[in-house]
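Now for the letters of each chain:
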Amino acid sequence: MKAVQFRVARPTNRLKQIVRFYNEGIGLNILGQFENHEGYDGVMLGLPGKTYHLEFTQHIKEAVLAEPTKENLLVLYYDKIEDYNEANDRLKSFGAMPVEPENPYWKDKSTTYEDPDGWRVILFNGVFNP
């Protein structure tokens, strides 16, 4: 494997609300954006370093989109309890409320939220060690 970056891209019909949720609510940095590129607007958001990032796009015409399931997850890991608590407090002050995770694995070690499109974001208290 020689790739040096990866991006996960997802369409939305609520670009402004989605960007606000992931930027102000979650705290991801806006890395780049574009407007009216062949009928699309888009924003890339990510963690510092720009190695991994999300892209949200919206077509000028409202699109028919796939429905999220309760198991479509973006998981953010926090290695310090203070940072985990701060992230939860920021989301709650933003107006997002936790939802019950579908999979019991996430209970008691993380908090689950839904973005404006209904896709789930998990804040995990700990790190992934394969």
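The structure presented is a predicted model; accordingly, all values stated were derived computationally and were not measured. (Residues numbered from 1 in each chain as written. Predicted model: local features only at pLDDT ≥ 70, side-chain atom pairs only at ≥ 80, totals over all residues. Heavy atoms only, no water.)

A.B. asks: Run through the side chain of Thr 112, naming residues and quoting values.
C.D. replies: Here Thr 112 is to be found in strand β6 (residues 110–114). Those residues in contact with Thr 112 that lie beyond four places of it in its chain are Met 97, Pro 98, Val 99, Pro 101, Arg 120, Val 121 and Ile 122. (Helix = DSSP H or I, 4+ residues; strand = E, 2+ residues; numbered from the N terminus. Contact = heavy atoms within 4.5 Å.)

A.B. asks: Tell me about the nonpolar core, and name the residues and values.
C.D. replies: Core analysis: the largest hydrophobic core is formed by 20 residues, its most contacted members being Phe 21, Tyr 22, Ile 26, Phe 56, Leu 91, Val 121 and Leu 123. Looking at this core, the elements with two or more residues in it are α1 (15–26), β3 (40–46), β4 (52–59), β5 (73–78), α2 (81–94) and β7 (120–125). Ranked by residue count, the leading element in this core is α1, at six residues. Apart from residues lying up to four places away in sequence, Leu 123 is in contact with Ile 26, Leu 76, Tyr 78, Tyr 84, Ala 87, Asn 88, Leu 91, Ser 110, Thr 111 and Tyr 113. (Core = buried A, V, L, I, M, F, W, Y, C linked by side-chain atoms within 4.5 Å. Buried < 20%, exposed > 50% of the residue type's maximum accessible area, 1.4 Å probe, protein only.)

A.B. asks: Outline unusual backbone geometry, listing residues and values.
C.D. replies: Positive phi values are uncommon outside glycine, yet Asn 36 reaches one of about 50 degrees. Mapped onto the elements, Asn 36 comes out in strand β2 (residues 29–37).

A.B. asks: Hey, could you go over the packing of aromatic side chains for me, with residue numbers and the actual values?
C.D. replies: Considering all chains together, one arrives at nine aromatic pairs under this definition. A centroid spacing of 6.1 Å and a plane angle of 70 degrees characterise the contact between Phe 21 and Phe 94, whose relative ring orientation is edge-to-face. Pair noted here: Phe 21 is in helix α1 and Phe 94 is in helix α2, with a separation of 73 residues, a long-range link. Owing to a relative accessible area of 2%, Phe 21 belongs among the buried residues under this scheme. Residue Phe 94 is classed as partly exposed on the basis of its relative accessible area, which comes to 22%. By way of ring pairs, the aromatic residues Tyr 77, Tyr 105, Trp 106, Phe 124 and Phe 128 are connected into one cluster. Above the ring of Tyr 105, the side-chain terminus of Lys 109 is found at 3.8 Å from the ring centroid. (Phe/Tyr/Trp six-rings, centres within 6.5 Å; stacked < 30°, edge-to-face > 60°. Lys NZ or Arg CZ within 6 Å of the ring centre and 35° of its normal.)

Just distances and angles here, no functional claims.
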